[in-house]
Amino acid sequence: MPIPLFDLKAQHKTIEAELKIAFDRVLQSGQYILGPEVEAFESEVASHLNVNHAIGVSSGTDALLLALMASGIGPGDEVLCPAFTFFATTGCISRVGATPVFVDACPVCFNLDVADAARKVTERTRAIIPVHLFGQSAEMDGILTLAKKHDLLVIEDAAQSFGASYRDKSVGTMGHWGVYSFFPTKNLSGLGDSGMLVTQDAELADKARLFRVHGSRKRYFHESVGGNFRLDPLQAAFLRVKLKYFGTYIQKRRQNAAYYTEQLSSFPNISTGDEKNCFCLERDNPEDTSKERHIILPIAYSHNFHTWNQYTLRVIGNQQRDRLKNFLAEKNIGSEIYYPLTLNQQACFVDLSPHQKMLPYAEQLAKTCLSIPIYPELQQTDLDNVIAVIKTFLS
Ligand SMILES: *Cc1c(COP(=O)(O)O)cnc(C)c1O
């Protein structure tokens, strides 16, 4: 049996009847733009995350764009963001006319290196967008201290980390804004595009709601230039069903991750990431990457609640990552490279200034990372199969 990277059909099979009821409820309601279904989902998310305001939006990307627009970030402003993340984080900075300033990555937790961010602050820096990559929080204490010192706006990109927490606080609720995506590959996913913007601040929430509907409170009267960033009631209705099962999805992901780590870490040429090498906590010498064919397993820090949107191996050794990917594919096991290029290496950013090009750790991750199946519906035999194939590859 093939093992895909994720399997939403399997997830939806178990809740098919409830999803159909949700569909019927929206169909019969006659309300297809905003309204009670969206409001109900917003308040359920707000209480789930323990945050004051949740604003349903059309996608994670639009949540980022909306946060930047509502904060008045624009031309002349610099925004710090990781070089190793999904494109949307940076694309939105450029779309509002501001300049993305790329920050290197921590090779252990994959998140932005706070010390490198501090070095890149200038008098033009207005904001920082930490990303909680793969389901684990970035080092928020360091980021919030840096932001306070330089009066920076903090937009947490928690698109991959709904439900994750840092020192018992939900990711997305510690900065000025938090951004979530319910894209089908995320841990809480809709049946299409959808997202959420959250904030603790009533004034910011009011602005976000205004900008979500073309900057108008009263129809056809526009006080700001916003956009159409609305969440569909149909997606809200589906997501309300799935939110009820979210806890069990995460529990399964965490069990799967623990099983991989337990079964793989004792094997020769496999090690777990070393917390001592994390740049976020304390900068140290990076791990030796010259070894041939060596796999480093991802770790969850004890102060983080990791939701394992991805279980990401670092496969060290010349071409070894791509070889493992092909080897898995031959055995019908899905895997994915998140991400094959850092953002500073993207064609659309060739014109960035030369000092933006020195991001050695992010670039190393782009060459070595490989995510393997971790989704909640994996069976025990699937996990054992993936483990066996990785062991065969190494022996
Ligand atoms: C998925 C993702 C987004 C964008 O979310 P969409 O809903 O697909 O627009 C933004 N940032 C990160 C880190 C993501 O993984």
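Report on the accompanying structure. (Residues numbered from 1 in each chain as written. Predicted model: local features only at pLDDT ≥ 70, side-chain atom pairs only at ≥ 80, totals over all residues. Heavy atoms only, no water.)

1. Things to note about the packing of helix α3 (residues 36–49) against helix α9 (residues 233–264)
Interhelical geometry of α3 versus α9 gives an angle of 30° and a closest axis separation of 8 Å. Regarding the angle of α3 to α9, the classification is roughly parallel. The two elements α3 and α9 cross, and the hand of that crossing is left-handed. Residues Glu 37, Val 38, Ala 40, Phe 41, Glu 44, Val 45 and His 48 of α3 pack against Pro 233, Ala 236, Ala 237, Leu 239, Arg 240, Leu 243 and Phe 246 of α9. Along the lines of polarity and charge, the residues of the contact of α3 with α9 split into 10 nonpolar, 1 polar and 3 charged. (Axes fitted to C-alpha atoms, helices over the stretch in contact; angles between N-to-C directions. Helix = DSSP H or I, 4+ residues; strand = E, 2+ residues; numbered from the N terminus. Parallel < 35°, antiparallel > 145°, perpendicular 65-115°, else oblique. Left-handed = near helix turned anticlockwise from the far one by under 90°. Contact = heavy atoms within 4.5 Å. Nonpolar A, V, L, I, M, F, W, Y, C, P; charged D, E, K, R; others polar.)

2. Quick notes on the packing of aromatic side chains
Tallied over the full model, the rule gives 14 aromatic pairs. Aromatic side chains Phe 84 and Tyr 339 sit 6.1 Å apart centroid to centroid with 75° between the ring planes, which places their arrangement in the edge-to-face category. Separated by 255 residues along the polypeptide, Phe 84 in the loop between β2 (78–82) and α5 (88–95) and Tyr 339 in the loop between α10 (320–330) and α11 (360–368) bring together distant segments of the chain. With respect to class, Phe 84 is no different from Tyr 339; both count as buried. Judged by centre distance (5.7 Å) and plane angle (65°), the rings of Phe 102 and Phe 349 are edge-to-face. With Phe 102 in strand β3 (residues 99–103) and Phe 349 in the loop between α10 and α11, this pair connects stretches of sequence that are 247 residues apart. Residues Phe 102 and Phe 349 agree in their burial class; the two are buried. Here the aromatic cluster, defined as three or more aromatic residues joined through ring pairs, consists of Phe 84, Phe 86, Phe 110, Phe 134, Tyr 338 and Tyr 339. (Phe/Tyr/Trp six-rings, centres within 6.5 Å; stacked < 30°, edge-to-face > 60°. Buried < 20%, exposed > 50% of the residue type's maximum accessible area, 1.4 Å probe, protein only.)

3. Quick look at helix α8 (residues 202–212)
Those residues of α8 not exposed but buried are Leu 204, Ala 205, Ala 208, Leu 210, Phe 211 and Arg 212. The elements touched by buried residues of α8 are α3, β1 (53–57), α4 (60–70), β8 (177–181), β9 (195–199) and β10 (216–218). Structurally, the start of α8 carries an N-cap: the backbone nitrogen of Glu 203 is 2.8 Å from a side-chain oxygen of Asp 201. One or two residues past the end of α8 sits His 214, with phi positive at roughly 60°. (Polar contact = N/O pair within 3.5 Å; in protein donor to acceptor, adjacent residues only side chain to side chain.)

Keep in mind these numbers describe shape, not what the thing actually does.
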